[in-house]
Amino acid sequence: MIIQLEEEFITMVRENKEDFYRLAYSYVKNEQDALDIVGEATYKAFNSLNKIRERKYMKTWFYKIVINESITLIKKKKNFVYDTQFIETITEEAEDKDKIIDLYNSLDKLSEKYKTVIILKYMKSMQINEIAEILNINCNTVKSRLKRGVDKLKLVMGGQYYG
Amino acid sequence: MDKQLNELNDLFNKIKIPENLDNVIDHAINRERNRKKKIMRSKNKLLKTISAAAACLILMVGLTVNLSYVFAQEIYKVPVIGALAKMMTFREYTIQNDTSIGKVIIPNVEITDNQVVQNFINDTINKKVNEIVEEQAILDAEYKEAYLETGGTEEDYKKIEMTVDYQLYYVSDHIISFEISKYQTLAPAYNENYFYNINLKTADEITIKNVLGENYAALIKDSVEQQMLNRMKENSDLSYDLDYFKNMTINEDRSFYVQENGDITIVFAPYEVASGYMGQQEFIVENINNVGFPDAVAGKISLIE
């Protein structure tokens, strides 16, 4: 039974590795730390597969571990070297380049609680109910956190700028 | 700003995937696999080296236990080798006959320092699984007989499928908490879940009263009622039979299990306190680390009396 579960887990991680990596990257914004997070999350999850109560929640459960690892790393490591090259390159052709970069950078100023819902909703483009499942809170809480998060972002970026 | 927010997903998808991402994942998996292998190897070695010493110890206990109660207590404090108990799949088999198809997974516990308790628990598990399998075979046979008698044909008969499985929830030096379950396709009412909480020092089954104390029934009632109300308030789709629950008696044999983090979780079978579609209902009422347990039973050494 365990072997089967392990195989299922490995397949799940491999199939979704890009999403997991990008999610970690959204928090730490540099390649090395994002890789470390994915590695550490995989190791820890593989180590505690017996904690999964239902297989269908395996992916949700792993998302949660990636998020926790990301937050832990951010708290542990105060000085991050953000890779600014990346954002510069990919926004090059956007007409509102400055605004996007500003928004992307402002995310880091939010507390984890708001940052996480905004990353999941807008970066990862997840549905409210998926977010609720991952964070183990109800949909209304997700919605209100999103709203407050966006309000705070506006505040951080200077309310007058975007109205 | 909404426009920019919506563009974030585009950014997300453009985050470059490093070439060594696969390596990092493989490495993490192998790291964990090697760790497990290492532990298994060192445990085997340890077992071999202590078996001789253990033989002496058992002999000594046999000789002296009647003479010195204190001495016996001392001995039982001696062996501490990492986690003392673990549970794993011991045997797996399939059933294939004219009436049924089944898969049976039987676990075993391994307790490094206490063979007596280990054998006792495994015996309990085996008996229970056999009982479940036999019962289901009778049900299936009765069903098939009725089916054929009422005009059904052998060709149209659909075999009843059954799975017997287990789930380990919690294990400490003192307690193991697990579940043996049976799912089958005959009728939902025949699904069964047995929760076991066993004292690893004495092999005694731990009841909810042992864990929560004399006042367990009132404690459960208050806590569960409050949780039912809260859940219904949060989600209007849920419906608990509060009137029934308020009048029901919570007995000492109430099913419960201990979660990984120590949460003591009370279980109600489907239909018991809620509409059937809500399935089995669970309520956390306390944490094992907050109730002065297992210290209360740790001193008990009923098996060597």
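Structure shown above.
Rules used throughout
- Residues numbered from 1 in each chain as written.
- Chains lettered and ligands numbered in written order.
- Predicted model: local features only at pLDDT ≥ 70, side-chain atom pairs only at ≥ 80, totals over all residues.
- Heavy atoms only, no water.
- Helix = DSSP H or I, 4+ residues; strand = E, 2+ residues; numbered from the N terminus.
- Buried < 20%, exposed > 50% of the residue type's maximum accessible area, 1.4 Å probe, protein only.
- Contact = heavy atoms within 4.5 Å.
- Areas by Shrake-Rupley, 256 points an atom, 1.4 Å probe, with all protein chains shown as cover.
- Pairing = 2+ DSSP bridges.
- Axes fitted to C-alpha atoms, helices over the stretch in contact; angles between N-to-C directions.
- Salt bridge = Lys/Arg side-chain N within 4 Å of Asp/Glu carboxyl O.
- Polar contact = N/O pair within 3.5 Å; in protein donor to acceptor, adjacent residues only side chain to side chain.
- Expected span 1.5 Å × (residues − 1).
- Core = buried A, V, L, I, M, F, W, Y, C linked by side-chain atoms within 4.5 Å.
- Buried area = accessible area lost by both parts, 1.4 Å probe.
- Nonpolar A, V, L, I, M, F, W, Y, C, P; charged D, E, K, R; others polar.
- Parallel < 35°, antiparallel > 145°, perpendicular 65-115°, else oblique.
- Left-handed = near helix turned anticlockwise from the far one by under 90°.

Right, let's get into the overall build of chain B. A tally of helices and strands in chain B yields eight helices and eight strands. Looking at the 305 residues of chain B, the share that counts as buried comes to 39%. Sequence separation of at least 24 residues holds for 56% of the intrachain contacts in chain B that already meet a minimum separation of 6. Working note: accessible area of chain B is about 17,200 Å², and carbon and sulfur atoms make up 52% of it.

So, on to the pairing of strand E5 (residues 192–199) of chain B. Residue and element names in this part refer to chain B. Most of E5 sits out of view: six of its eight residues are buried. The pairing of strand E4 (residues 175–184) with E5 spans eight bridges and is classified as antiparallel. Bridge pairing in E5 links Ile 175 to Asn 199.

For the rest of this paragraph, the subject is the sheet that holds strand E1 (residues 85–96) of chain B. Pairing between the strands of a sheet comes from backbone hydrogen bonds, and it takes one of two forms, parallel or antiparallel. Residue and element names in this part refer to chain B. Taken in spatial order, the five strands make up an open sheet running E1-E2-E3-E4-E5, and their pairing is mixed. Two strands close off the open sheet at either side, each with one partner strand: E1 and E5. Averaged over all neighbouring strand pairs, the angle between strand axes comes to 15 degrees, with direction disregarded. Against the sheet, helix H4 (residues 115–149) makes contact with E1, strand E2 (100–111), strand E3 (160–171), E4 and E5, and its axis sits at roughly 170 degrees relative to E2, the strand it touches most.

Another aspect to go through is the pattern of salt bridges. Residue and element names in this part refer to chain A. As enumerated under the stated definition, the model contains 18 salt bridges over all chains in all. Its salt-bridge partner being Glu 69, residue Lys 44 comes within 2.8 Å of it at the nearest N-O pair. Of this pair, Lys 44 sits in helix H3 (residues 31–47) while Glu 69 sits in helix H4 (residues 58–76), placing them 25 residues apart in sequence. When salt bridges with common partners are traced through the structure, they connect Lys 29, Asp 108 and Lys 115 into a single cluster.

For the rest of this paragraph, the subject is the side chain of B:Lys182. All names here are of chain B. With respect to the element layout, Lys 182 can be found in strand E4. Here the side chain of Lys 182 touches Gln 136 through a polar contact of 2.8 Å, side chain to side chain. Beyond its immediate chain neighbours, meaning those up to four positions away, Lys 182 contacts Ile 132, Gln 136, Met 162, Thr 163, Val 164, Tyr 190, Asn 191 and Glu 192.

Turning our attention to H3(A). Counted at 1.5 Å a residue, the expected span for H3(A) with its 17 residues is 24 Å, and the 24 Å between its end C-alpha atoms agrees. Looking at H3(A), one finds that the buried residues are A:Asp33, A:Ala34, A:Leu35, A:Ile37, A:Val38, A:Gly39, A:Ala41, A:Thr42, A:Tyr43, A:Ala45 and A:Phe46.

All names here are of chain B. In this structure, E1 lies alongside E2, joined through 11 bridges in antiparallel fashion. Each bridged residue has a counterpart across the sheet, and for Thr 89 the counterpart in E2 is Pro 107. Between E1 and E2, which follow one another and run antiparallel, lie three residues.

Further remarks concern the side chain of A:Asn30. Relative to the elements of secondary structure, A:Asn30 occurs in the loop between helix H2 (17–28) and H3. Side chain to side chain, A:Asn30 and A:Asp33 meet in a polar contact 2.9 Å long.

This part takes up the nonpolar core. Nonpolar side chains in soluble globular proteins tend to be buried together. Within the largest apolar cluster, 67 residues are counted, with the highest numbers of intra-cluster contacts made by A:Phe9, A:Phe62, A:Ile118 and A:Leu153. If one sorts the elements of this core by residue count, H4(A) sits on top with 10 residues. Core analysis: the second largest hydrophobic core is formed by 31 residues, B:Ile206, B:Met228, B:Val258 and B:Phe283 among them.

The interface of chain B with chain A comprises 40 residues on the first partner and 48 residues on the second. Here chain B meets chain A over a buried area of about 4,200 Å², counting both sides, of which 63% is carbon and sulfur. Sorting the residues of chain B by area buried against chain A places B:Met1, B:Phe12 and B:Ile15 first, and these three jointly supply 18% of that buried surface. Of the charged contacts, one joins A:Asp96 and B:Lys3 as a salt bridge, the two residues approaching to 2.9 Å between their closest N and O atoms. For the side of chain B that touches chain A, the secondary-structure elements that each account for two or more residues are helix H1 (2–14), helix H2 (21–64), E1 and E3 of chain B. Take the side of chain B that touches chain A: its biggest share by element is 12 residues, from H2(B). Of the residues contributing to the side of chain B that touches chain A, the split by class is 16 nonpolar, seven polar and 17 charged.

The next thing to look at is the packing of H4(A) against helix H7 (residues 112–123) of chain A. Residue and element names in this part refer to chain A. It is the contact of H4 with H7, at a shortest axis distance of 12 Å, that shows an interaxial angle of 135 degrees. Relative to H7, H4 is oriented oblique. The element H4 and its partner H7 pack so that their crossing is right-handed. Contact residues: H4 offers Ile 67, Ile 71 and Ile 74, while H7 offers Glu 112, Lys 115, Thr 116 and Leu 120. Along the lines of polarity and charge, the residues of the contact of H4 with H7 split into four nonpolar, one polar and two charged.

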